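# Summary of the model geometry
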Amino acid sequence: VGVSPAKGSILKPCKQMLRQNFSDKAEQVTTTELVSYWRDVFEANGIPEAQESSEYIVSHVLGAKTFQTLKPSSLFTPLTKEQQQQIQQLCAKRLQRMPVQYVLGEWDFQDLTLKMKPPVFIPRPETEFLLLPWVSEQRDQRLRDASLYPVILEVGCGSGAVALSLLSKLPHSQVIALDKAEAAVNLTRENAESVHPEMNQEFGGSWEQLVPWGPVDIIISNPPYVFHEDMTHLEAEILRYEDLDALDGGDDGMRVIKEILMLASYLLKDEGSVFLEVDPRHPEMVKNWLQSHPDLLLSFSATHKDFCAWGAVYPHHTGPPDPPSASGVPDVFLIDSAAYVVSLTEPPAHPARA
Ligand SMILES: C[S@@+](CC[C@H](N)C(=O)[O-])C[C@H]1O[C@@H](n2cnc3c(N)ncnc32)[C@H](O)[C@@H]1O
């Protein structure tokens, strides 16, 4: 299409192209033509996933989730000028390397449509298709008889994708979603109101709110686990728009992982489990770390790998933790004394907690 990113602003050539190509025949531009057009513009400007980006944006403006779910008749129907303008506005954001999820302002995760707002972390496929199904499967096996009302704590809830999906799948569970970023907790609340309007929500800004929830059955987290030195290699989409604290796990990627494991030793029930999404280098590191911290009474149980070779580590709690010392209690919540907490159901008065 003859648009080079080297020629000044990436937006300018696109506007020119739109004028050249479509101004005279605005009424006649069809969906398929516009998808191809924007795909070419994206490609010419080095935008990754050019075809998918174009399809998602055009379909979104036409009221569909995907290009495949558009009505066949709409593929060859001319688009209105307003629709073209809307598409152009959204494509201009994509040209600035904004992730398509932020451009659209929403994204599907499992069966839920969730709002997406920068800089809150966009849920990834490995979490959707590896971590969550595995937790559900393990829970079915391990908790079927153990607990009628499993209490689940998610550390680092971001948009609420994991916590809200678990609530949908396990309607009798109590889910506590926690994040240190206020923007993340606010988005989780917003998404909770939209996908589970019937649910009780409590909201607060301190870890003390975890206490009434008592011991939990499951701790789940997709923590920041990128090794700090790898952060600079991340795509522009991430570096420009997402909260880097959601990804940066410190020098060994283990900063928050260690905090969660320490928290787990106090908060987990004896037969409870921790599920963490981690870097492929982490299972060995976590195993070694747990061996050098026998006082935590957590044992490494299993690793699960997906097709991309991402790993997940699953330590299984083996025994009762030591009673926390007076000074130990706050230290357990190393996740942050300023963590924001949102509990998504009311703590029920069931026997386990009576
Ligand atoms: C990789 S994102 C995961 C978000 C969401 N669970 C998902 O999978 O889409 C990590 C999240 O952990 C949060 N976080 C980072 N450090 C934390 C800490 N010390 N305590 C609580 N949350 C933390 C970040 O704000 C971010 O929302």
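This text goes with the structure placed above it.
About the cut-offs
Residues numbered from 1 in each chain as written. Predicted model: local features only at pLDDT ≥ 70, side-chain atom pairs only at ≥ 80, totals over all residues. Heavy atoms only, no water. Buried < 20%, exposed > 50% of the residue type's maximum accessible area, 1.4 Å probe, protein only. Helix = DSSP H or I, 4+ residues; strand = E, 2+ residues; numbered from the N terminus. Phe/Tyr/Trp six-rings, centres within 6.5 Å; stacked < 30°, edge-to-face > 60°. Lys NZ or Arg CZ within 6 Å of the ring centre and 35° of its normal. Salt bridge = Lys/Arg side-chain N within 4 Å of Asp/Glu carboxyl O. Axes fitted to C-alpha atoms, helices over the stretch in contact; angles between N-to-C directions. Parallel < 35°, antiparallel > 145°, perpendicular 65-115°, else oblique. Left-handed = near helix turned anticlockwise from the far one by under 90°. Contact = heavy atoms within 4.5 Å. Nonpolar A, V, L, I, M, F, W, Y, C, P; charged D, E, K, R; others polar.

## Quick word on helix α7 (residues 161-169)
Across the 9 residues that make up α7, a large majority, 7, are buried. Every buried residue belonging to α7 is among A161, V162, A163, L164, S165, L166 and L167, and all of these are buried.

## Quick word on the packing of aromatic side chains
Tallied over the full model, the rule gives 3 aromatic pairs. Considering the side-chain rings of Y37 and W38, the 5.1 Å spacing of their centres and the 75° angle between planes classify their relative orientation as edge-to-face. Comparing Y37 with W38, the two get one shared label, buried. Look at W38 and F42: their rings are 6.0 Å apart centre to centre, the planes differ by 40°, and that puts the pair in the tilted class. Of this pair, W38 and F42 both sit in helix α2 (residues 31-44), 4 residues apart, which is roughly one turn of the helix. The same class applies to W38 and to F42, which are both buried. Following the ring pairs from residue to residue traces out a cluster consisting of Y37, W38 and F42. Over the ring of F227 we find R281, and its NZ or CZ is 3.7 Å from the ring centre.

## Points about the pattern of salt bridges
As enumerated under the stated definition, the model contains 12 salt bridges in all. The closest approach of N and O atoms between R94 and E237, which form a salt bridge, is 3.0 Å. Taken together, the residues span a long stretch of sequence, with R94 in helix α4 (residues 81-95) and E237 in helix α9 (residues 236-241) at a distance of 143 residues. As far as the burial class goes, R94 and E237 line up, both buried. D217 is the salt-bridge partner of K269, the closest N and O atoms lying 3.2 Å from each other.

## Comments concerning the packing of helix α10 (residues 255-267) against helix α11 (residues 282-291)
The contact between α10 and α11 brings their axes to 12 Å, and the two run at 45°. Taken together, the axes of α10 and α11 lie oblique to each other. The two elements α10 and α11 cross, and the hand of that crossing is right-handed. Residue-level inspection shows I257, K258, L261 and M262 of α10 in contact with α11, the latter providing H282, V286, W289 and L290. Across the contact of α10 with α11, the residue classes tally to 6 nonpolar, 1 polar and 1 charged.

## Here's the deal with the packing of helix α3 (residues 50-61) against α4
The geometry of α3 relative to α4 is characterised by a closest axis approach of 9 Å and an angle of 140° between their N-to-C directions. In terms of crossing hand, the pair formed by α3 and α4 is right-handed. Residues S53, I57, V58, H60 and V61 of α3 form the contact with α4, whose own contacting residues are Q83, Q86, I87, L90, C91 and R94. Partitioned by chemical class, the residues of the contact of α3 with α4 number 6 nonpolar, 4 polar and 1 charged.

Treat this as a map of the structure, not an account of what it does.
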